Amino acid sequence: EPEVTQTPSHQVTQMGQEVILRCVPISNHLYFYWYRQILGQKVEFLVSFYNNEISEKSEIFDDQFSVERPDGSNFTLKIRSTKLEDSAMYFCASRNRVVAWNTEAFFGQGTRLTVV
Amino acid sequence: DAKTTQPNSMESNEEEPVHLPCNHSTISGTDYIHWYRQLPSQGPEYVIHGLTSNVNNRMASLAIAEDRKSSTLILHRATLRDAAVYYCILRDRNNAGNMLTFGGGTRLMVKP
């Protein structure tokens with residue numbers, strides 16, 4: 001069964017450093033997402049990406065964050081100047097149809113980011 | 001998006017059916033009802049979705065009330081692997097937004 005893969009599974013970084021979280025969505029999918037989940041809290045939407053541009057973003061997704069699909073297969077989330085409160089599980093997701101309401105999203109296993 | 005209400009937690013015995021309720025009294029006619037689950041230390045996983053009619057798939061069944069103000073996810077025989085947080089989410093076909101909005105969900109505990 002096709003799956004969304006994320007690397008690394010765990011990333012430890014020092015406060016103020018930049019990190020790049022990587023995702024390989026399912027190959028024929030069109031929409032890509034990043035979500036995050038702070039330990040013990042809800043899964044929160046960060047950003048959606050379609051046709052090589054951001055289609056929606058939440059208030060969390062400020063100038064510290066950026067996304068890119070550099071080569072047609074990878075989808076990355078960059079966090080500049082990480083803060084302690086950026087520590088969370090980051091999930092990548094993708095789906096394959098233009099209509100969202102009748103389509104399932106596939107999630108990766110997540111990257112645990114720990115900022116020290 | 002319209003709001004959903006789920007119990008914080010439920011318990012079940014292994015190999016027994018589980019009925020997970022969801023209230024969505026403000027649901028609109030264009031809202032689809034989606035269920036996802038999140039196993040421990042994993043990403044969310046799609047379970048099932050429907051609009052008006054009851055739905056079945058290999059994972060579960062979805063029973064939707066006639067007035068659509070509530071729905072129930074049915075696991076026919078719970079296994080230990082079904083212990084997870086189950087999320088009931090509404091998706092509006094008229095909403096340009098395509099992200100999922102997760103609430104607190106129901107934490108299902110399965111006892112052997």
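The rules behind these values
Residues numbered from 1 in each chain as written. Chains lettered and ligands numbered in written order. Predicted model: local features only at pLDDT ≥ 70, side-chain atom pairs only at ≥ 80, totals over all residues. Heavy atoms only, no water. Helix = DSSP H or I, 4+ residues; strand = E, 2+ residues; numbered from the N terminus. Rg over C-alpha atoms; globule rule 2.2 N^0.38 Å. Buried < 20%, exposed > 50% of the residue type's maximum accessible area, 1.4 Å probe, protein only. Pairing = 2+ DSSP bridges. Axes fitted to C-alpha atoms, helices over the stretch in contact; angles between N-to-C directions. Contact = heavy atoms within 4.5 Å. Buried area = accessible area lost by both parts, 1.4 Å probe. Salt bridge = Lys/Arg side-chain N within 4 Å of Asp/Glu carboxyl O. Nonpolar A, V, L, I, M, F, W, Y, C, P; charged D, E, K, R; others polar. 1 Å grid on protein atoms, 1.4 Å probe; cavity = no way out; pocket = protein on both sides within 12 Å on 5 of 7 lines; lining within 4 Å. Points joined across faces, edges and corners; volume = space filled by probe spheres on them.

Caption draft 1: Quick look at the overall build of chain B. Helices and strands together make up the secondary structure of chain B, namely 0 helices and 9 strands. Overall, chain B shows an N-to-C arrangement of helices and strands of β-β-β-β-β-β-β-β-β. Taking 2.2 N^0.38 as the reference for a compact globule, 112 residues should give roughly 13 Å; the C-alpha atoms of chain B span a radius of gyration of 13 Å, in line with that estimate. Principal-axis analysis of the C-alpha atoms gives chain B an extent of 45 × 30 × 25 Å. Looking at the 112 residues of chain B, the share that counts as buried comes to 46%.

Caption draft 2: Examining the sheet that holds strand S1 (residues 9-13) of chain B more closely. Residues and elements named next belong to chain B. One open sheet holds the 5 strands; their spatial order is S1-S9-S8-S3-S4, and the pairing between them is mixed. The open sheet has two edge strands with one neighbour each: S1 and strand S4 (45-50). Taking each pair of neighbouring strands and ignoring which way they run, the sheet shows an average axis angle of 25 degrees. Pairing between strand S3 (residues 31-38) and strand S8 (residues 84-92): 8 bridges, direction antiparallel. The partner of Ile 33 across the bridge, within S8, is Leu 90.

Caption draft 3: Region of the structure containing the interface of chain A and chain B. If you look at the interface, chain A gives 22 residues, while chain B gives 23 residues. Summing both sides of the interface, chain A and chain B together bury roughly 1,800 Å²; the carbon and sulfur share of this comes to 53%. Where chain A meets chain B, there are 0 salt bridges. When contributions to the side of chain A that touches chain B are tallied by element, the ones reaching two or more residues are strand S4 (31-37), strand S5 (43-50), strand S6 (53-57) and strand S9 (88-95) of chain A. The element contributing the most residues to the side of chain A that touches chain B is S4 of chain A, with 4 residues. Class assignment for the residues of the side of chain A that touches chain B results in 10 nonpolar, 7 polar and 5 charged.

Caption draft 4: Main features of the layout of surface pockets. Size it by volume and the largest pocket reaches roughly 700 Å³. Lining the largest pocket are 29 residues, and of these Glu 1 of chain A together with Glu 45, Tyr 46, Arg 58 and Met 59 of chain B lie nearest its centre. Among the secondary structure elements, those contributing two or more residues to the lining of the largest pocket are strand S1 (5-7) and strand S10 (106-107) of chain A together with S4 of chain B. Looking at which element gives the most residues to the lining of the largest pocket, the answer is S4 of chain B, with 3 residues. By residue class, the composition of the lining of the largest pocket is 12 nonpolar, 8 polar and 9 charged. Empty space within the second largest pocket amounts to approximately 440 Å³. Contributions of two or more residues to the lining of the second largest pocket are made by S9 of chain A together with S8 and strand S9 (106-111) of chain B.

Caption draft 5: How the structure looks around unusual backbone geometry. For the peptide bond that leads from Thr 7 of chain A to Pro 8 of chain A, omega is -10 degrees, which places it in the cis range. Turning to its location among the elements, Pro 8 of chain A is positioned in the loop between S1 and strand S2 (10-13). Even without glycine at this site, Asn 51 of chain A takes up a positive phi of about 55 degrees. Secondary-structure assignment places Asn 51 of chain A in the loop between S5 and S6. The exposure class assigned to Asn 51 of chain A is exposed, which follows from its relative accessible area of 59%. Positive phi, normally seen in glycine, also occurs at Glu 15 of chain B, with a value near 70 degrees. Inspection of the secondary structure assignment puts Glu 15 of chain B in the loop between S1 and strand S2 (18-23).

Caption draft 6: Geometry of the environment of Leu 51 of chain B. All names here are of chain B. Relative to the assigned elements, Leu 51 resides in the loop between S4 and strand S5 (55-56). Measuring from C-alpha to C-alpha, the distance between Leu 51 and Arg 91 comes to 9.9 Å, with 40 residues separating the pair along the chain. Leaving out residues up to four positions away in the same chain, Leu 51 has contacts with Gly 29, Asp 31, Tyr 32, Ile 33, Ile 64 and Arg 68.

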